[in-house]
Amino acid sequence: MKNKYNILFILLVIVFIGGYLFYSNNIPTKETKNDPVEITEDDYLKVYFMDVGQADCILIDNNHEYALIDGGNTIDGKKLVKYFKELGIEKFNYVIATHPHEDHIGGLNFIIYNFDIDHFIGTNIKTDFKSYSNMMNALEKENIKYEVPNINDTFRVGEALFRIVYLDNNIEDINSSSIVLEMTYKNNSFLFTGDTTSDAEKNYLDNLNEIDVLKVSHHGSQYATSAQFLMKTKPKYAIISVGKDNEYGYPKQVVLDKLKELNTKVYRTDQLGTIILTSNGNDIKIENIKTDTNNE
Ligand SMILES: [Zn+2]
């Protein structure tokens, strides 16, 4: 009798171990991040790295609440308005101008005239560029306040939590003044860097966390994305917003090599067009589409 129970017990153990091995092989691991992930219609975060050629424009959509980081070049303005209207956008909760260079704020006056904006955020740096005066004039005409945040200020767009990691209101080098923004959605995190420089990165290394997705600074310039910066952030994915055959030779090989060393997967708008990341809070799906904002 006792022997029968022993055999039954051993059989049960075999069934449990077998079952465990079968299921553990089927549990998605971190490496399968780009397989289709389950996204429900009313609970998702989408980040669009718009292909605006040699420029930056990032749209964030959390359950139909929207943020926009930078607005491409002036020539992109009309196309961006058309694309965003087609997506059904009427209002941006936040628009962020990382720094007042043409390739980041050029299209923003079109955005200001065509959409409601709850909050418009930028640095205190003033320039005499035409795109800067266009942006400031549009804000004045639309009666939208220009807000300058402080480091570590936070705000929400839907369930996405934004944190100002860095900005510099008192520096001559405009790239180094860039607003650096961290965005957290459940277990996923993103870092948007504008055109920040390695010089500036030194000032906020201690304010960085590990992230899933990095918007590579300054279109892949060799004067940003230092080894120390990458050691702190350890991005799994890196997006480079860059123009095809641009005159600067961006992204620089030295930056691509550093990302490769970290096993970071790199996605480039010059090769893929607009890159769309969809997060369910745990996993991130990466797709690309061609939009008419593509610039050769
Ligand atoms: Zn730029």
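Residues numbered from 1 in each chain as written. Predicted model: local features only at pLDDT ≥ 70, side-chain atom pairs only at ≥ 80, totals over all residues. Heavy atoms only, no water.

**Points about unusual backbone geometry**
Then step 1. Residue P251 is bonded to the preceding Y250 through a cis peptide linkage, with omega at -5 degrees.
Then step 2. Mapped onto the secondary structure, P251 falls in the loop between strand 12 (237–240) and helix 8 (253–261).
Then step 3. The phi dihedral of H218 falls on the positive side, at around 50 degrees, and the residue is not glycine.
Then step 4. Judged by its relative accessible area of 14%, H218 falls in the buried class.
Then step 5. Positive phi, close to 65 degrees, is recorded for N263, a residue that is not glycine.
Then step 6. Turning to its location among the elements, N263 is positioned in the loop between helix 8 and strand 13 (265–268).
Then step 7. Judged by relative accessible area, which is 68%, N263 ranks as exposed. (Helix = DSSP H or I, 4+ residues; strand = E, 2+ residues; numbered from the N terminus. Buried < 20%, exposed > 50% of the residue type's maximum accessible area, 1.4 Å probe, protein only.)

**Examining the coordination of the zinc ion**
Then step 1. All of the protein donors around the zinc ion are D103 (OD), H104 (NE2), D195 (OD) and H219 (NE2); their distances to the metal are 2.1 Å.
Then step 2. For the zinc ion, the four donor atoms are set out with angles of 88 to 148 degrees between them, so the coordination reads as irregular.
Then step 3. Sequence spacing of the donor residues for the zinc ion, all on one chain, is D-H-x90-D-x23-H. In terms of burial, D103 and H104 fall into one category: buried. (Donors = N, O, S within 2.8 Å, 3.2 Å for Na, K, Ca; no water. Tetrahedral: all angles 85-135°; square planar, octahedral: opposite > 155°, others 65-115°.)

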